[in-house]
Amino acid sequence: MDKKTQTKPTESPDKGKILSKPRIFFGLTFILFSVVLTLSFVSYLMNWKADQSQAGTMTDKTIQSSNVFGKVGDWLGNIFIFESIGIASFIIAFLFLVVGTLILKKRTFKPWKTIGHSLFFICWLPIFMGAVTKGQGVLGGVYGYQIMDYLNAIIGSVGLWVVLAASILLYFILEFNLRPSSIKSKLDKINDNTIGRVKSMMPSSEENFEADEELEEEAPETVSNVTVTDLSNKTKAKEQEPVSVPKGFPEVQPSTDIETIVTPNHTSFEEEEKPVSLNLNTKPSVPTSTPEQAFDITPVSPAISPVPPASMPAQDNIKFNVEVAPVIDVLDDSDKKSQELIEKHGLYDHKLDLAGFQMPTVELLKDYGNEEISINKEELEENKNKIVGLLKNFNVGISEIKATIGPTVTLYEIVPEAGIRVSAIKKLQDDIALNLSALGIRIIAPMPGKGTIGIEVPRKNPTMVSMRSVIASHKFQNTDMDLPVVFGKTISNEVFMADLAKMPHLLMAGATGQGKSVGINAILTSLLYKKHPSELKFVMVDPKKVELSLYSKIERHYLAKLPDAEEAIITDTNKVINTLNSLCIEMDTRYDLLKNAFCKNLKEYNKKFTERKLNPENGHRFLPYIVLVVDEFADLIMTAGKEVELPIARLAQLARAVGIHLIVATQRPSVNVITGMIKANFPARAAFRVISSVDSRTILDSPGADQLIGKGDMLYFNGNEILRLQCAFVDTPEVERLAEYIGEQKGYSSAFLLPEFVSEDSTSTVGAFDPNEKDALFEEAARIIVSTQQGSTSMLQRQLKLGYNRAGRIMDQLEATGIVGGFNGAKAREVIISDLHSLEQFLEDLRN
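Residues numbered from 1 in each chain as written. Predicted model: local features only at pLDDT ≥ 70, side-chain atom pairs only at ≥ 80, totals over all residues. Heavy atoms only, no water.

**As for the overall build of the protein chain**
Formally: Labels follow the DSSP assignment, with helices taken as runs of H or I lasting at least four residues and strands as runs of E lasting at least two, numbered in each case from the N terminus. For the exposure calls, accessible area comes from a 1.4 Å probe over protein chains only, and a residue counts as buried if that area is under 20% of its type's maximum, exposed if over 50%, partly exposed in between. Contact between two residues is taken to exist if any of their heavy atoms lie within 4.5 Å; hydrogens are not considered. Surface exposure here means Shrake-Rupley accessible area, sampled with a 1.4 Å probe, where a residue is shielded only by the protein chains that are shown.
When helices and strands are counted, the protein chain shows 28 helices and 18 strands. Expressed as a percentage of the 848 residues in the protein chain, the buried residues total 43%. Of the contacts made within the protein chain by residues no fewer than 6 positions apart, 65% connect residues no fewer than 24 positions apart. For the protein chain, the computed accessible surface area is about 47,600 Å², with 54% contributed by carbon and sulfur atoms.

Encoded structure:
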């Protein structure tokens, strides 16, 4: 061979690498220490009783040690074996060997897998040895004995061995992958090896080629190069019929049900191909002495294509590339800017002004002790017999009766016999009440969603439902409602909640002393326990001046008021009118903000603002929910009439989407107080006990409220069905403690300020115009008013980006100069000057 053509032998890539001296030093140190530990442990186990007594005499020269490493070996054995983990200490020595080997780069181990196995045995081997030796000797160590003794005391000896067996079984399953899928894959590998042995018995490629030609002449539809392997062996060989196979193929005796493997091959049998499974239910399709039979081809996996027909050209060598285009999110400029702001500052946190605010705790509410319902079987049996006997006297047969015990009443559900009219039972309400000697009997015929008739009978010893029990319930604590209101418990003793944001307004009625004010306190308490001061504001109207005065302490946290109001809780009728009209202005302003933000409701708007998609410079701000609470609505109607009814009706019609909700309560639910306009916009209603059925029909559109027993017994109507509830009881001292807890914390500088409202009386006090006090934006505001022909203060706020107070003063100046007319209620002011040309002449004269 020529010298030029000779090649140098390739050197191993690891041969030229030289280990650094520190690596060699530390690697050999770890290995040497593992050897020292191993020999010390072995020697300690041989003489552990003597070595253990000498472990604490390191400095005493007179005492000789039997350990191969002397007293150091005794000390190591005592620390690791006796006082720690027993014979599992050898694993620690093994880990030092592994670390030393890795430092020297001799990767004979898989480090993380090895460490994982080692930790498993370090944890469980001492416990196992402690269970075997029962704490005798040092094989389990102190750790193994203590854990074994603790488990033995807790779960017993049988439970201990069950835990040990389960851990060992789990280890083998995870280590050797003993799952059904892995076992199946191993069986498939065995089948593949069998196929490989059959392939080795096949003739050469030339004979295969000849066989293919003969096969194409005799059976054009036959698959080329078929390798058949009998895998089932379900029948005996003498029962199998011989099959004639083309030349070049081994003879196979097929059975009646055979699973075969067909391997397409276009070059030679030595190339590995993915098999395709065929299920032959009768005979192969190759020419035989019997008639031809059909067979089905079933691919083994979806990734394997069926064998192409012989007439189609093979296309295995065609290069085929598949590219998937990435999904690109197209963001506009505003979205990009919001993403940049979020990355820089994070999401807007509306709670940041009062970041240290602590929500009230359940301990502020009084614990009334055990509130479990006691079952009086004698009372139940007595009432059942009276009901059945009375109905039988009136020829009303019953096929079934069932009782459901609630906190206040017991519901008896009866199934009448066939042919009994429901009206026949409803007429017997007074007779049943007389027979049971009980008040508050209510018949529900039929019960919604059930094929039964309900009879509600008050219990002799009702159970109190405290506010603490419903606030501490799992249902209230984990609710995702926007404005959760917990009323109390149902007849089935379940906590009943409703979302004020979805009601969206609540109308309450009840006679004096029947629990109406307690119900209002329960609603306010549940909202205070769930919402942060930045998320909720209350507008409280209390004509009686004593019911809602307890909440004055939370003025700087939760209350809202007019800018010129001295107290947040409104008691004067004139101020109530101004506040309601101010809420209408706030509603219109919020609708304008939602329109500019392209949002449909308050939740979507606040979400956009939190994600920094709305610019505060354009007037956008985080909008809290506003809940208007009116304690005695009948008194307002008597004193103010339409001036109160119209803004409340307008708020009830429109304010839902912008997060303003109403809770209106009254003692006298007559038709002149609760008019049709108000009822139509208050779908949710809560009725406590009223005097007459007429009042019940006024509030609920059905009788029943006059049959209640008082003391928080109530009916709730959500627009679909009427539910009987026991309202939760919250006492005045509990409300005081809650208000003091909130009021003592840091609050805002003042209450939430509503827009300023100028009433008709105040418009007459607009004096003569003084040019020296003219606002700097007076002329610009005049041009906006005249060009749009709309005298609206809120429009000046948006166009000039002003506060409501300044915009109101400019509007007063425009009225004083004669550009706009006087106040026109909820409508916009009349614009007196018709065009801009006339306005410029008017302004020029005003300057001179």
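**A word on the pattern of salt bridges**
Quick note on the threshold: One speaks of a salt bridge when a side-chain nitrogen belonging to Lys or Arg is within 4 Å of a carboxyl oxygen belonging to Asp or Glu.
Throughout the structure, instances matching the rule amount to 28 salt bridges. Salt-bridge contacts for Asp 701 lead to Lys 679; the nearest nitrogen and oxygen are separated by 2.7 Å. Pair noted here: Asp 701 is in the loop between α22 (693-700) and β16 (713-717) and Lys 679 is in helix α21 (residues 676-680), with a separation of 22 residues, a long-range link. Since its relative accessible area comes to 17%, Lys 679 is described here as buried. Each of the salt bridges in this network shares a partner with another, and the network as a whole consists of Lys 774, Glu 779, Arg 783, Glu 840, Glu 844 and Arg 847.

**Describing the pairing of strand β14 (residues 660-666)**
Where we set the bar: Whether two strands pair comes down to DSSP finding at least two bridges between them.
Within β14, seven of the seven residues are buried, which leaves the element mostly enclosed by the surrounding structure. Judged by which residues are buried, β14 turns out to be covered on both faces: Ile 660, Leu 662, Val 664 and Thr 666 on one side and His 661, Ile 663 and Ala 665 on the other are all buried. Taken together, the four bridges between strand β10 (residues 506-509) and β14 define a ladder with parallel strand orientation. By the bridge assignment for β14, Met 508 is matched with Ala 665. Pairing geometry for strand β13 (residues 625-630) and β14, over five bridges, is parallel.

**Here's the deal with the packing of aromatic side chains**
Two measures describe an aromatic ring pair: the distance that separates the ring centres and the angle between the ring planes. Our working rule: To pair, rings of Phe, Tyr and Trp, with the six-membered ring standing in for Trp, must have centres within 6.5 Å; the planes then decide the type, stacked if under 30 degrees apart, edge-to-face if over 60, and tilted in the middle. Consider the ring centre and the ring normal. A charge sits over the ring if Lys NZ or Arg CZ is within 6 Å of that centre and within 35 degrees of that normal.
According to the stated counting rule, one finds 14 aromatic pairs in the structure shown. Three or more aromatic residues link up through ring pairs in this structure, and these residues are Phe 30, Phe 33 and Phe 96. Here Lys 530 stacks its cationic end above the ring of Phe 476, 5.5 Å away from the centre of that ring.

**A short note on the sheet that holds β13**
Applicable threshold: Geometry is summarised by axes, namely lines fitted to C-alpha atoms with helices restricted to the contacting stretch, and by angles between N-to-C directions that run from 0 to 180 degrees.
Spatially, β9-β8-β17-β16-β15-β10-β14-β13-β11 is the arrangement adopted by the nine strands of the open sheet, whose pairing is mixed. If you trace the sheet from one side to the other, it starts and ends with β9 (495-499) and β11 (536-541), each paired once. Adjacent strand axes in the sheet meet at a mean angle of 30° when their direction is disregarded. Contacting β8 (484-490), β10, β11, β13, β14 and β17 (722-727), helix α15 (residues 516-528) runs over the sheet at an angle of about 130° to β8.

**Considerations on the nonpolar core**
Just so we agree on the cut-off: Take the buried residues of types Ala, Val, Leu, Ile, Met, Phe, Trp, Tyr and Cys, join any two whose side-chain atoms come within 4.5 Å, and each joined set is a nonpolar core.
Residues Phe 487, Leu 506, Phe 538 and Tyr 716 are the most contacted members of the largest nonpolar core, which totals 114 residues. Considering each element in turn, this core owes the most residues, nine residues, to helix α17 (residues 573-597). Apart from the residues lying within four places of it in its own chain, the contact partners of Leu 506 are Phe 487, Ile 523, Leu 662, Ile 663, Val 664, Phe 682, Ala 684, Arg 685, Ala 686 and Tyr 716.

**Considerations on unusual backbone geometry**
Along the chain, Ala 445 connects to Pro 446 via a cis peptide bond; the corresponding omega equals -10°. Looking at the element boundaries, Pro 446 is found in the loop between β6 (442-444) and β7 (453-458). Pro 504 follows Met 503 through a cis peptide bond whose omega is -5°. Its identity is not glycine, yet Asp 701 carries a phi of approximately 65°, on the positive side.

**Quick look at the sheet that holds β7**
By definition, the strands of a sheet pair up through backbone hydrogen bonds, in either a parallel or an antiparallel sense. On the basis of which strands lie adjacent, the open sheet formed by four strands has the order β4-β5-β7-β6 and antiparallel pairing. Edge positions in the sheet fall to β4 (398-405) and β6, since each has one partner strand and no second. Direction aside, the axes of adjacent strands within the sheet are offset by 20° on average. The pairing of β6 with β7 spans three bridges and is classified as antiparallel. The partner of Ile 444 across the bridge, within β7, is Gly 454. Lying over the sheet, helix α10 (residues 377-393) contacts β4, β5 (409-416) and β7, oriented at roughly 40° with respect to β5.

**Quick look at the side chain of Glu 413**
Applied cut-off: Pairs of N or O atoms within 3.5 Å make up the polar contacts considered here, provided that, within protein, one atom can donate a hydrogen while the other can accept it, and that residues adjacent in sequence are counted only when both atoms are side-chain atoms.
When you line up the elements, Glu 413 lands in strand β5. Within the structure, Glu 413 has its side chain in polar contact with the side chain of Lys 450 (distance 3.4 Å). When residues no more than four places from it in sequence are discounted, the contact partners of Glu 413 are Glu 400, Ile 401, Lys 402, Thr 404, Met 447, Lys 450, Thr 452 and Ile 453.

**Section: the confidence of the model for the protein chain**
The cut-off we apply is this: pLDDT measures the predictor's confidence residue by residue and takes values from 0 up to 100.
With 75% of its residues at a pLDDT of at least 70, the protein chain reaches an overall mean of 77. Taken as a whole, residues 761-766 scores under 50 in pLDDT and shows six contacts with residues more than four places along the chain or in a different chain.

**Notes on the pairing of β4**
Two elements, β4 and β5, share seven bridges in a ladder whose sense is antiparallel. Paired with Lys 402 across the strands is Glu 413, a residue of β5. Count of turn residues in the β4/β5 antiparallel hairpin: three residues.

**Quick word on the environment of Ala 728**
With respect to the helices and strands, Ala 728 occurs in the loop between β17 and α23 (732-743). Overall, Ala 728 belongs to the buried group, its relative accessible area being 1%. Apart from residues no more than four positions distant in its own chain, Ala 728 is found in contact with Val 465, Ser 466, Met 467, Val 470, Phe 487, Gly 488, Val 518 and Ala 522.

**Overview of helix α20 (residues 642-654)**
Quick reminder of the rule: Multiplying 1.5 Å by the helix residue count minus one yields the expected span of that helix.
Between its first and last C-alpha atoms α20 spans 18 Å; for 13 residues at 1.5 Å apiece the expected length is 18 Å, and the two agree. Listed in full, the buried residues belonging to α20 are Val 644, Glu 645, Pro 647, Ile 648, Ala 649, Leu 651 and Ala 652. Here the buried face of α20 lies against α17, β13, α19 (633-639), β14 and α21.

**Overview of empty space enclosed by the protein**
This is how it is decided: Computed over the protein atoms alone on a 1 Å grid, cavities are sets of points where a 1.4 Å probe fits but cannot get out and pockets are open sets with protein on both sides within 12 Å along at least five of seven lines; a residue lines them when it has an atom within 4 Å of a point. Grid points are joined across faces, edges and corners, and a volume is the space filled by probe spheres set on the points. Polarity classes work like this: nonpolar for Ala, Val, Leu, Ile, Met, Phe, Trp, Tyr, Cys and Pro, charged for Asp, Glu, Lys and Arg, and polar for all others, with Gly in that last group.
If you walk through the whole model with that rule in mind, you get two cavities of 30 Å³ or more. What the largest cavity holds in volume is close to 40 Å³. Every residue along the wall of the largest cavity is listed here: Pro 407, Thr 408, Val 409, Lys 489, Thr 490, Ile 491, Asp 713, Arg 724, Leu 725 and Gln 726. For the lining of the largest cavity, the secondary structure elements donating two or more residues are β8 and β17. Sorting elements by how many residues they give to the lining of the largest cavity places β17 first, with three residues. Residues of the lining of the largest cavity, tallied by class, amount to four nonpolar, three polar and three charged.

**Digging into the packing of α17 against α20**
Relative placement of two packed helices is described by the angle separating their axes and the distance separating the axes. Note the cut-off: Orientation categories follow fixed angle ranges, with anything under 35 degrees roughly parallel, anything over 145 roughly antiparallel, 65 to 115 roughly perpendicular, and all other angles oblique. The sense of a crossing depends on the near helix, which, turned anticlockwise from the far helix by less than a right angle, makes the crossing left-handed and, turned clockwise, makes it right-handed.
Running from N to C, α17 and α20 cross one another at 25°; their axes reach a closest spacing of 9 Å. With respect to α20, the axis of α17 lies roughly parallel. When you trace α17 past α20, the crossing you get is left-handed. Contacts between α17 and α20 involve Ile 577, Leu 580, Asn 581, Leu 583, Cys 584, Met 587, Asp 588 and Tyr 591 from the former and Glu 643, Val 644, Pro 647, Ile 648, Arg 650, Leu 651 and Leu 654 from the latter. Tallied by class, residues from the contact of α17 with α20 come to 11 nonpolar, one polar and three charged.

**Some points on α15**
The end-to-end C-alpha distance of α15 is 19 Å, a good match for the 18 Å that 13 residues give at a rise of 1.5 Å each. Counting buried positions over the 13 residues of α15 gives 12, a clear majority of the element. Along α15, the positions that sit buried rather than exposed are Lys 516, Ser 517, Gly 519, Ile 520, Asn 521, Ala 522, Ile 523, Leu 524, Thr 525, Ser 526, Leu 527 and Leu 528.

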